[in-house]
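Observations on the three-dimensional arrangement
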Amino acid sequence: MPYLKHLIIVDADPAKPLLDREVAFDMDKAPKIEKFEIHPTLAESPSVLHYTSGTTGQPKGVKHVHYSLISQYLTAKWVLDLLDTDVYWCTADPGWVTGTSYGIIGAFSNGVTQCVLDAGFSADNWYRFIEKHKISMWYSAPTAIRSLMKAGEEVIKKYDLSSLRHLASVGEPLNSEAVIWSERVFGKPFLDTYWQTETGSMMITNYPGMKIKPGSMGKPFPGITATVIHPETYEPFNETGKIGLIAIKPGWPSMMRTYWRNEETYKKKFQNGWYLPGDRSSIDKEGYFWFVGRDDDVINTGGHLVSPFEVESALLEHPAVAESAVVAKPDFVNMEVVKAFVTLKPGFVASKDLDLEIMNFVRKKLSPLAMPQEIEFIDNLPKTRSGKIMRRILHAKEWGEEIGDTSTLEND
Amino acid sequence: MEEMKDVVKAYVIKEYVEDDTELTYDTPLISGGIVDSFSMVSLKRFLENKYQISIPDDKATPEAFDSVNKICKLVQEYLK
């Protein structure tokens, strides 16, 4: 790295000599300064280079600019409803875009008091943290929420969580079961917020004051024009209820400016005047968006489209299921059929009878088409370090394909 | 065999019949639209679990599953 000038080591070990270009920094010993000269940036000055978590391939460097602050400030203010009296906890690591957009920029620009927990996950740790700091606004992720659901409700009773005023979720679509659960145990629902590294801030979201439909992504944030378009013609549908590609009118402040050194891939994200996040959904008569799946994840079985998210949400409603990932499995007759990978809650043991019970459960809840033709019980689902399920790894194994880049795989 | 027919018939009624459709041992299940092809896997799983057998996928055809009688005949082939 010839352009690297300084490597700042925080809390350096004084016994170890510094290497070339290393500079030790100790917060307590560093001189305090009263005035800090801020570099005169412009709206289009580059601010952050985020590498995506690679759920669908090798990570890409997403370039954001200072103007993104407008989007992040406003969405944090209106969706997370940050107040002067709040104690805010964004559980995302700052290495993930949520941790930057809403753990740093959105939070700092709103001047809110916030807490950071630098520890591994455990339900006790998290609830103790909320109680200790009287957290009032809690922004977390579905994988963590599902882990809390799996931990059960007895642990909640040990702590005073009455400080919680407002909850929101990000990272993956939030299953309706999780929304209903949180309303029951915390007294309020987690609001699902939809956006991605490339959008820099929330695009389609549930926000305070609107009716919450468990399982729905919500509606476009004020100022965002979003719709669902035909996957081949890229034209918006004229009627509601049709499944198509989520499409957003370009030009919002926090829209990425490019993929670093990959302009060609960046240009492919825009079709017919729309930015395409790469997800599919439908819109209901009241304008609520309903997530179907990543474009690559949607299952086409016998000519019918099946939403992995819908099947996973149904699986989650079975008392034995902790988490699931649904992918397409090759099939001679139907080309693809639904296969589910399932982890079980404590106290449940994998068996042929449970396998059948879960199959019938999904069949009756959704349809025979959506019923997993095969269920595989596993200990852990493959996830990125930011907690997102990596369905493409499971898909690749089913199809005998190369797994591809695993640099973002948790516990790689 | 009669007992198996009753067990299979009762299971099909419980799991796949939503209205008052009369079911006999010869009622067409797959071709009659009572059990669709995607649901066959769950019926196969039930038979395998219940009778401790393993039915090869290539034998679990819509034709072999098309009535209670045909299903029992298939199960008999794989009973030890």
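Worth saying up front: this structure is predicted, and the values here are computed from it rather than measured.

On to the overall build of chain A, then. Counting its regular elements, chain A contains nine helices and 23 strands. When the backbone C-alpha atoms are referred to their principal axes, chain A occupies close to 70 × 55 × 45 Å. Within chain A, the proportion of its 412 residues that are buried is 42%. Restricting the contact set of chain A to residue pairs at least 6 apart, pairs at least 24 apart contribute 61%.

What follows is about the domain arrangement of chain A. Residues and elements named next belong to chain A. Domain annotation of chain A identifies domain 1 (46-294) and domain 2 (299-399). Of note, the centres of domain 1 and domain 2, computed from C-alpha atoms alone, are 24 Å apart. Residue-level contacts link 22 residues of domain 1 with 19 residues of domain 2. Contributions of two or more residues to the side of domain 1 that touches domain 2 are made by helix H4 (142-151), helix H5 (176-186) and strand E18 (289-294). It is H4 that contributes the most residues to the side of domain 1 that touches domain 2, four residues altogether. The residue inventory of the side of domain 1 that touches domain 2, partitioned by class, reads seven nonpolar, 10 polar and five charged.

Further remarks concern the environment of Ser67(B). Residue and element names in this part refer to chain B. Relative to the helices and strands, Ser-67 is located in the loop between helix H2 (40-51) and helix H3 (68-78). For Ser-67, a count of 24 C-beta atoms within 10 Å translates into the label buried. For the pair Ser-67 and Glu-48, spaced 19 residues apart in sequence, the C-alpha separation works out to 17 Å. Discounting residues that sit within four places of it in the chain, Ser-67 has contacts with Tyr-25, Asp-26, Thr-27, Pro-28 and Leu-29.

With nine residues of chain B at the contact, the number on the chain A side is 11 residues. Taken together, the residues of the side of chain B that touches chain A break down into three nonpolar, three polar and three charged.

Glancing now at the sheet that holds strand E7 (residues 137-140) of chain A. Across the sheet, seven strands lie side by side as E6-E5-E7-E8-E9-E10-E11 (chain A); this open sheet has mixed pairing. One side of each edge strand has no neighbouring strand; the edge strands of this open sheet are strand E6 (113-115) and strand E11 (219-220) of chain A.

For the rest of this paragraph, the subject is the nonpolar core. In this structure, Leu80(A), Tyr139(A), Ala168(A), Phe190(A), Met203(A) and Ala247(A) are the most contacted members of the largest nonpolar core, which totals 64 residues. Ignoring sequence-local partners within four residues, the contact set of Met203(A) consists of Tyr194(A), Trp195(A), Pro220(A), Phe221(A), Ile224(A), Ala226(A) and Ile248(A). Among the nonpolar cores identified, the runner-up in size contains 42 residues, and Val321(A), Val327(A), Met359(A) and Val12(B) belong to it.

Now for unusual backbone geometry. Residues and elements named next belong to chain A. Unlike most non-glycine residues, Asp-11 shows phi in positive territory, near 55°. Exposure remark for Asp-11: the 10 C-beta atoms within 10 Å place this residue in the exposed category. One non-glycine residue, Arg-21, adopts positive backbone phi at about 75°. Mapping Arg-21 onto the fold places it in the loop between strand E1 (7-10) and strand E2 (22-25).

What follows deals with the sheet that holds strand E3 (residues 46-51) of chain A. All names here are of chain A. Here three strands make up an open sheet; going across it, the order is E3-E4-E14 and the pairing antiparallel. Taken across any chain shown, the strands that pair with only one partner, and hence form the sheet edges, are E3 and strand E14 (258-259). Note: strand E4 (residues 61-65) against E14, two bridges, orientation antiparallel. Along E14, the bridge assignment pairs Lys-63 with Thr-258.

Quick notes on the rules
- Residues numbered from 1 in each chain as written.
- Chains lettered and ligands numbered in written order.
- Predicted model: local features only at pLDDT ≥ 70, side-chain atom pairs only at ≥ 80, totals over all residues.
- Helix = DSSP H or I, 4+ residues; strand = E, 2+ residues; numbered from the N terminus.
- Buried ≥ 20, exposed ≤ 12 C-beta atoms within 10 Å, placed from the backbone.
- Contact = placed C-beta atoms within 7 Å.
- Domains from an automatic or database assignment.
- Nonpolar A, V, L, I, M, F, W, Y, C, P; charged D, E, K, R; others polar.
- Pairing = 2+ DSSP bridges.
- Core = buried A, V, L, I, M, F, W, Y, C linked by C-beta atoms within 7 Å.

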